[in-house]
Amino acid sequence: MRNFITAALKKTEKLATEEKVSIYENLLKNISEDDDLMIMVLDSLSTGIIVSDANNRIVFINKYLAKLIRLKKTDIFDVNVWEIISEQQISDFIRNVLSAKQKRASKIFKYNIEDKSFAIEVRIFLLKHASGKTGYMINIENVTDRENEKSKKKRAESFASLTALTAGIAHEFKNPLGSMSIYLQLLEKQLSKQGGIEDLDAFRESLKSKVKVLSSEVERLNDIVVNFLSTVRPRSANLQ
């Protein structure tokens, strides 16, 4: 459309005034129709759109914006972008980004309205025309469902990690407990043996060896518990 307008204006330089007026009227009509089409497209989006000029004044907002966030003013033009937004955190974020002239920024805000939790993502992009004119486009979107899915996925991953950790600990406990069970059975069998003890020293050494194994397995279990606790318990830094 821009190239067509430029070409049309060049051709009208040598035309009579009446012909120029007719062409200009047609051009304005076409521009108006294109503008209406653009606004209709932007208004049909399920995301909020704000466009500002180089001075951070509002040029355009679409209809869906008011469904996402509360607006302070109905007269939105000739005011700074952040001045129309009721949510203070979002307003401050936009003001800080635009005042610092950042090229792009994004942030997710979470708040409650009537006992319902919402997650709103604000994305800001610098607009720059070939002529040197600049401005900003601010995209505000309801990402509650997406954030809820992320939370569910995170909880599922945490549960899977906990399950794997539990299985690992159970496996580590199973081996020494199995060994202890065997040696306890041997001790019970040895102590319940009928008849006198022929070699007392050998009997004592046999008992001591079994008790030593049991003690070793108890120590092994203790090491597993200590290592587990040192992993899950936060430590205080001891800088030197």
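Please read all numbers here as calculations on a predicted model, not as lab measurements.

### Let's talk about the confidence of the model for the protein
Here comes step 1: Looking at the protein, pLDDT values average 80 and 81% of them are 70 or higher.
Here comes step 2: Mean pLDDT in the protein bottoms out at helix α1 (residues 2-11), which sits at 57, and peaks at helix α4 (residues 88-99), which reaches 91.

### Let's talk about a nonpolar patch on the surface
Here comes step 1: A cluster of nonpolar side chains, contributed by Leu162, Leu165, Val225, Phe228, Leu229 and Val232, occupies part of the molecular surface with about 460 Å² of accessible area.
Here comes step 2: If you list the elements that add at least two residues to the nonpolar patch, you get α5 (144-191) and α6 (200-232).
Here comes step 3: Top element by residues in the nonpolar patch is α6. It accounts for 4 residues.
Here comes step 4: By the element assignment, valine 225 lies in helix α6.
Here comes step 5: On the basis of relative accessibility, which here comes to 35%, the residue valine 225 falls in the partly exposed class.

### What about α5?
Each turn of an α-helix holds 3.6 residues, which means side chains three or four residues apart point in the same direction.
Here comes step 1: The end-to-end C-alpha separation of α5 is 68 Å, in line with the 70 Å expected for 48 residues at 1.5 Å each.
Here comes step 2: Those residues of α5 that sit buried are Thr144, Glu147, Pro176, Ser179, Met180, Leu187 and Gln190.

### Focus: the packing of α5 against α6
Here comes step 1: Where α5 meets α6, the axes come as close as 10 Å, and the angle between the chain directions of the two elements is 165°. Comparing the axis directions of α5 and α6 gives the class roughly antiparallel. Note on packing geometry: the crossing formed by α5 with α6 is left-handed.
Here comes step 2: A per-class count over the contact of α5 with α6 returns 20 nonpolar, 4 polar and 4 charged.

Reading the values: rules and limits
Counting of residues starts from 1 at the beginning of each chain's written sequence and follows it residue by residue. Residues qualify for local features only when their pLDDT is at least 70, as the model is predicted, and side-chain atom pairs are given and counted only at 80 or more; totals for whole chains, interfaces and linings, by contrast, use all residues. Heavy atoms from the whole structure form the basis of all side-chain values; hydrogens and water molecules are not counted. As a per-residue measure, pLDDT tells how confident the predictor is, with possible values from 0 to 100. Numbering of helices and strands starts at the N terminus; helices are DSSP runs of H or I of at least 4 residues and strands are runs of E of at least 2. Like-charged residues are merged into a patch within 9 Å and nonpolar side chains (Val, Leu, Ile, Met, Phe, Trp, Tyr) within 5 Å, provided each residue has over 30% relative accessible area and no salt bridge. Each accessible area value is a Shrake-Rupley result obtained with a 1.4 Å probe; residue values ignore everything except the protein chains displayed when judging cover. Any carboxyl oxygen of Asp or Glu that lies within 4 Å of a side-chain nitrogen of Lys or Arg is treated as forming a salt bridge with it. Throughout this description, buried means an accessible area under 20% of the type-specific maximum (1.4 Å probe, protein chains only), exposed means over 50%, and partly exposed covers the range between. The span expected for a helix works out to 1.5 Å for each residue beyond the first. To obtain each axis, a line is fitted to C-alpha atoms, and for helices this fit is confined to the stretch in contact; angles are then taken between N-to-C directions over 0 to 180 degrees. Angular relationships are summarised with four words: roughly parallel below 35 degrees, roughly antiparallel beyond 145, roughly perpendicular across 65 to 115, and oblique for the angles in between. It is the rotation of the near helix from the far one that decides the hand of a crossing: anticlockwise by less than a right angle makes it left-handed, clockwise makes it right-handed. Amino acids are sorted into nonpolar (Ala, Val, Leu, Ile, Met, Phe, Trp, Tyr, Cys and Pro), charged (Asp, Glu, Lys and Arg) and polar (every other residue, Gly among them).

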